[in-house]
Amino acid sequence: MNRPILVIAIGYIIGIIWGIYLKISILPFYFLLISIYIIINLKYKKKKFKILSIKRYFRYIKLVFKLNIIITIIISSFISNLIIKIQENKYENMYHDGETLSISGIVIGNKEEKEYYDRYEIKVINKKYKNTKLYINVSKKKQLKYGDKITIYGEFKEPAQARNYKGFNYKQYLKTLKIYGTVKIEKIEIIAENQANTLMQISNKIFLKIKENIKITYSEKMSKIILGIMLGDTTEIDENTKEEFANSNISHVLAVSGLHISYIILMATTATQKMLGKKLSKIISSLVLVAYMIITGFSISVVRASIMGILTCMAFVLYRKSNTLNNIAISTMIILINNPYSLISTSFLLTYGGTIGIIYFQKIVEKIIKNIKIKNRRWKYVYLKIQRKCEKIISTISVSISAQIVIAPVMILYFNTAGLGFLITNLLLSYIIGPIVIGGFIQILISMVSIQAGMAFAKVIEIPLYGIILISKISVSLSEQFEKSRAIFLINCSSSLNFNTKNFIKLKFFFNSSSHKLYMLLSLLKSIISFINSG
């Protein structure tokens, strides 16, 4: 096996999926694997050429279904499937809806303000429920701090499951956070302070200090957006802004991603390389990434990007060639061993989907764009001239398309939406987001030394931030205009063409579907190319 960790990761994922979605034994899967292996390794006495020869056409499958690969997949999938069964049993039987609890725990989350109460995350330290995590709803009059050891008395509320088809499953969502449910507090008592892990307490204090400085140095609206961009903290962003970002296909800027990690490595190596050398600068970059993971709370996208960044740095230190697929597999295993339910979270699917899409499709898409054939000589010359001068634009477009190839099905499945405006919005963002991220990190460091200097620097960073808001508003406005024109088109069709009800419903369904949007984009591209060729 060339990539054993990748095979282990694939088997581990299969075991998790089987355990979550299929409530039957995983033995039929093993039987299928072994059966395929036996079939493709059958030896035939006749060696005559046959068009329907199984051995002839299965020689490529032999490369995949080798005995050592099958054994590895069986072992890793069995382990993960067993873990899921144990976890499912714990989630179902550890706590019961309506049960009155009297437990002790340590606060391991900052206050999350709700309309009528404040929410905190606690880690239970009682023997029966030890190391399980719960949300607690506390009166606004009672203030808790990270690290407080508390005793609580209240009623356990089991998280709701999806009531409708494709409805939001809150119980599954909490499993991705390792949360068992919520306790509505009746009595609470603080026993001691600073009882959490020392490293986590220090990192939380740094996080709160950075957050406080950002709120002081930026305007109110911009501080909320920069918190999302730099720290992945979107708790204070209002729903309208989130919806605008989502509808304009730029919600990914509010999550820490590989872009942030690449800039951290760039900044750390640039600052230390001349003094300490290349090797030590890469080691320092890795330590900075570990600190960044801790400060941002180990979100899935940060952990994925940070681990891949650390592995790349360590490959340079050890004179090894970095293998992207192995890096993905290692980061996947670390995340899933910590919490197997992370596999079904949208964060996991989007961050890994985008990464895999870029790795596998970016070069193909870029080649297709560069090889677009234009018959008209004049336009062909113009296109080739633009192509030579706009390599970065073509690269950005190809990255956006290749990521969307994998991300789009996830967006359709989980959010029932798939916008096609990502080509324009991501192209514009590519010129804005870089200075914001780099400037944002520098501003955070400056603010730690001087608030006044931080405020002055923040005014500069707010300029491109307004650009992001403008992009989202223009994109949403264009989408609204498109929806209005679509509605007018449907009305005109129904009246002028005398459609019956059945055909009108079919037409409306087509225009509501994602296939319609893809059809419109392809039609537009076809029209542009036809116009150029005819000119």
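As shown above, the structure is provided for reference.
Residues numbered from 1 in each chain as written. Predicted model: local features only at pLDDT ≥ 70, side-chain atom pairs only at ≥ 80, totals over all residues. Heavy atoms only, no water.

Participant: I keep staring at the packing of helix α12 (residues 300-317) against helix α13 (residues 324-338) and nothing clicks. Help me out?
Facilitator: When two helices pack together, their arrangement is captured by the angle between the axes and the distance separating the axes. The N-to-C vectors of α12 and α13 enclose an angle of 135 degrees; their axes lie 9 Å apart at closest approach. As summarised for this structure, α12 and α13 are arranged oblique, according to the angle between their axes. Judged by the sense of rotation from one axis to the other, the crossing of α12 with α13 is right-handed. From α12, Ile 300, Val 303, Arg 304, Ile 307, Met 308, Leu 311 and Thr 312 reach across to α13, where they touch Thr 324, Asn 327, Ile 328, Ile 330, Ser 331, Ile 334 and Ile 335. Broken down by class, the residue content of the contact of α12 with α13 amounts to nine nonpolar, four polar and one charged. (Axes fitted to C-alpha atoms, helices over the stretch in contact; angles between N-to-C directions. Helix = DSSP H or I, 4+ residues; strand = E, 2+ residues; numbered from the N terminus. Parallel < 35°, antiparallel > 145°, perpendicular 65-115°, else oblique. Left-handed = near helix turned anticlockwise from the far one by under 90°. Contact = heavy atoms within 4.5 Å. Nonpolar A, V, L, I, M, F, W, Y, C, P; charged D, E, K, R; others polar.)

Participant: What is the right way to look at the nonpolar core in this model?
Facilitator: Looking at soluble globular proteins, one finds that nonpolar side chains tend to be buried together. Ranked by size, the top nonpolar core spans 81 residues in total, and within it Tyr 95, Leu 134, Ile 136, Ile 229, Leu 465 and Ile 468 carry the most contacts. In terms of residue count, α12 provides more of this core than any other element does, eight residues in total. Among residues more than four places away in sequence, those in contact with Leu 465 are Tyr 218, Met 222, Ile 225, Ile 226, Ile 229 and Ile 436. Counting 10 residues, the second largest nonpolar core, distinct from the first, contains Tyr 30, Leu 33, Ile 70 and Ile 73. (Core = buried A, V, L, I, M, F, W, Y, C linked by side-chain atoms within 4.5 Å. Buried < 20%, exposed > 50% of the residue type's maximum accessible area, 1.4 Å probe, protein only.)

Participant: What am I meant to see in the pairing of strand β3 (residues 118-124) here?
Facilitator: Here β3 lies mainly inside the structure; six of its seven residues are buried. Where strand β1 (residues 100-107) lies against β3, three bridges are found, and the strand directions are antiparallel. Counted as the bridge partner of Val 107 is Ile 122 from β3. Two elements, strand β2 (residues 112-113) and β3, share two bridges in a ladder whose sense is antiparallel. Among the inter-strand pairings, Glu 112 is bridged to a residue of β3, identified as Arg 119. Taken together, β2 and the strand that follows it, β3, pair antiparallel across an intervening segment of four residues. (Pairing = 2+ DSSP bridges.)

Participant: Even after reading the chapter, I still don't get the side chain of Gln 443, so can you show me in this structure?
Facilitator: Relative to the helices and strands, Gln 443 is located in helix α17 (residues 422-449). At 3.1 Å, the side chain of Gln 443 forms a polar contact with the side chain of Thr 217. At a separation of 3.0 Å, a polar atom in the side chain of Gln 443 contacts the main-chain carbonyl oxygen of Gly 454. If we skip the residues at most four places from it in the chain, Gln 443 touches Thr 217, Tyr 218, Gly 454, Phe 457, Ala 458 and Ile 461. (Polar contact = N/O pair within 3.5 Å; in protein donor to acceptor, adjacent residues only side chain to side chain.)

Participant: Would you mind going over the packing of α13 against helix α14 (residues 346-370) with me for this structure?
Facilitator: α14 packs onto α13 with a crossing angle of 170 degrees between their chain directions and a minimal axis gap of 12 Å. When the interaxial angle is binned, α13 and α14 end up roughly antiparallel. Together, Thr 324, Leu 325, Ile 328, Ser 331, Thr 332, Ile 335 and Leu 336 of α13 and Phe 348, Tyr 352, Thr 355, Ile 356, Ile 359 and Tyr 360 of α14 make up the contact between the two elements. Along the lines of polarity and charge, the residues of the contact of α13 with α14 split into nine nonpolar, four polar and no charged.

Participant: Even after reading the chapter, I still don't get the environment of Tyr 129, so can you show me in this structure?
Facilitator: Looking at the element boundaries, Tyr 129 is found in the loop between β3 and β4 (133-138). A relative accessible area of 8% places Tyr 129 in the buried class. For the pair formed by Tyr 129 and Met 94, sequence separation is 35 residues and the distance between their alpha carbons is 7.3 Å. Those residues in contact with Tyr 129, other than ones at most four positions away along the chain, are Met 94, Tyr 95, Glu 99, Leu 101, Ile 103 and Val 124. In this structure the side chain of Tyr 129 is engaged in a polar contact, spanning 3.3 Å, whose partner is the side chain of Glu 99.

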